[in-house]
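Per-entry structural report
Listed below, chain by chain, are the residues.
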Amino acid sequence: LSKINHRNHRKIVVVDGQCAYLGGMNIGDEYMGKKKLNPWRDTHIRITGESVKLVDKYFSLDWDFSTHDNITENLDTIYHDKPAVKENIPIQIVASGPDSPAEEIKCGMIKMLNSARKYAYIQTPYFVPDQTFINALVMAADSGIDVRIMIPGKPDKSYVYYTSFSYLDEMLNAGVKIYLHKGFIHSKTMVVDDKIATIGTTNIDIRSFQLHFELNAFMYSGSVASHCRKFYEDDINDSPFR
């Protein structure tokens, strides 16, 4: 039971200390839409620069916990040179899990909702929020913010899917717009006001907030956020149920 509840849900690839990948995609054919459940829609990012070291740090900490190798001690020897970047974008790499003193990623998302002045767009495969997150969504919608939530139109786990539906009435009554993607949307993204975007592994559900080890990138960039908004709008066109 401890492994079920304390699952490492992070998806991390670090290459030569120069670039890192994180987001929703695991390594498996289903994540490329090659299995029965398709189309499969996911979001992953590639980052370079100083934030790569932080992604590598969390990989190393997880590795050390599992193997007792202590590879974290060698990170400084890998990152003695400053990696090249194409564009300077402020990024926070935020980890959370049952070993964290607070639900850092959830708190970051709530901060995004509270800072919204125009819109807040969310994608999540599972929507089982706690009361704090529900309050933030309802407060934003009641304040006139264009709040939108996109979930799959095809479930991978029917019991979680119908649990997600049990929360939608309250969202709709608050004025939140709900979209059901034509396939299985596995993206875990949130974008606010063409200013801030987060992409990572965290679902909008209690297990992700409290029990799983998760990793998200929070990006404070108008160009990145506007790209995320455009991707979201493209996905709306692929959402026949709304």
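Residues numbered from 1 in each chain as written. Predicted model: local features only at pLDDT ≥ 70, side-chain atom pairs only at ≥ 80, totals over all residues. Heavy atoms only, no water.

1. Description of the pairing of strand E9 (residues 177–181)
On any regular strand, side chains alternate: one points to one face of the sheet, the next to the other face. Counting buried residues along E9, 4 of its 5 residues qualify, which places the element largely inside the surrounding structure. As judged from the 5 bridges shared by strand E8 (residues 146–152) and E9, these two strands associate in the parallel manner. When the bridges of E9 are listed, Pro152 appears paired with His181. (Buried < 20%, exposed > 50% of the residue type's maximum accessible area, 1.4 Å probe, protein only. Helix = DSSP H or I, 4+ residues; strand = E, 2+ residues; numbered from the N terminus. Pairing = 2+ DSSP bridges.)

2. Notes on the nonpolar core
Nonpolar side chains tend toward joint burial in soluble globular proteins. Judged by nonpolar contacts, the single largest core of 34 residues is most densely connected at Met109, Phe127, Phe133, Leu137, Ile149 and Met171. Broken down by secondary-structure element, the contributors of at least two residues to this core are helix H4 (104–115), strand E6 (119–123), helix H5 (131–142), E8, helix H7 (168–173), E9 and strand E11 (189–192). Considering every element that reaches this core, the biggest residue donor is H5, with 7 residues. Excluding anything up to four places from it in sequence, Leu137 contacts Leu113, Ile122, Phe127, Val147, Ile149, Met171 and Val176. Core analysis: the second largest hydrophobic core is formed by 28 residues, Ile45, Tyr58, Ile93 and Leu215 among them. (Core = buried A, V, L, I, M, F, W, Y, C linked by side-chain atoms within 4.5 Å. Contact = heavy atoms within 4.5 Å.)

3. Re the pattern of salt bridges
For the structure on display, the rule yields 10 salt bridges. Note that Lys182 is salt-bridged to Asp238, the shortest N-O span being 3.6 Å. One end of the pair, Lys182, is in the loop between E9 and strand E10 (184–185); the other, Asp238, is in the segment after helix H9 (222–237), and 56 residues separate them in sequence. Judged by relative accessible area, Lys182 falls into the partly exposed class, the value being 44%. Assessed through its relative accessible area of 29%, Asp238 is described here as partly exposed. Among the ionic contacts, a cluster of salt bridges with common partners joins Glu103, Lys106 and Asp130. (Salt bridge = Lys/Arg side-chain N within 4 Å of Asp/Glu carboxyl O.)

4. Considerations on H5
What sets the pattern is the α-helix's 3.6 residues per turn: residues three or four places apart point alike. Here H5 spans 16 Å end to end across 12 residues, near enough to the 16 Å set by a 1.5 Å rise per residue. Residues of H5 that are buried include every one of Phe133, Ile134, Ala136, Leu137, Val138, Ala140 and Ala141, and no others. (Expected span 1.5 Å × (residues − 1).)

5. Remarks on the sheet that holds strand E2 (residues 19–23)
Read from one edge of the open sheet, 3 strands run E1-E2-E4, paired in antiparallel fashion. What marks the edges here is a single partner per strand, and that holds for strand E1 (12–15) and strand E4 (44–48). Put simply, the sheet's adjacent strands are angled 20 degrees from each other on average, direction ignored. When E2 meets E4, the two strands line up antiparallel, connected through 5 bridges. The residue bridging Leu22 from the neighbouring strand is Ile45, located in E4. (Axes fitted to C-alpha atoms, helices over the stretch in contact; angles between N-to-C directions.)

6. So, the sheet that holds E9
Judged by pairing direction, the sheet is mixed, and its 7 strands sit side by side in the order E5-E14-E12-E11-E6-E8-E9 without closing on themselves. A strand with exactly one partner marks an edge of an open sheet, and here the two such strands are strand E5 (91–96) and E9. Taken over all neighbouring pairs, the strand axes of this sheet differ in orientation by 15 degrees on average, direction set aside. Taken together, the 6 bridges between E5 and strand E14 (residues 214–220) define a ladder with antiparallel strand orientation. Residue pairing across strands places Ile91 opposite Met219, the latter belonging to E14. Across the sheet, H4 touches E5, E6, E11, strand E12 (196–200) and E14, and the angle it forms with E14 is around 30 degrees. Along the sheet face, H9 touches E6, E8, E9, E11, E12 and E14 and points at about 65 degrees away from the line of E6.

7. Section: the packing of H4 against H5
At a minimum axis separation of 9 Å, H4 and H5 run at an interaxial angle of 15 degrees. Considering their axes alone, H4 and H5 lie roughly parallel with respect to each other. As H4 packs across H5, the resulting crossing turns out to be left-handed. Residues Lys106, Met109, Ile110, Leu113 and Asn114 of H4 form the contact with H5, whose participating residues are Thr132, Phe133, Ala136, Leu137 and Ala140. (Parallel < 35°, antiparallel > 145°, perpendicular 65-115°, else oblique. Left-handed = near helix turned anticlockwise from the far one by under 90°.)

8. Regarding the packing of aromatic side chains
Under the counting rule described, the total for this entry stands at 10 aromatic pairs. Judged by centre distance (5.5 Å) and plane angle (35 degrees), the ring pair of Phe133 and Phe209 falls under tilted. Of this pair, Phe133 sits in helix H5 while Phe209 is found in helix H8 (residues 206–210), placing the two residues 76 residues apart along the sequence. Against the face of Tyr58 rests Lys57, its NZ or CZ located 5.9 Å from the ring centre. (Phe/Tyr/Trp six-rings, centres within 6.5 Å; stacked < 30°, edge-to-face > 60°. Lys NZ or Arg CZ within 6 Å of the ring centre and 35° of its normal.)

These figures capture arrangement, not role.
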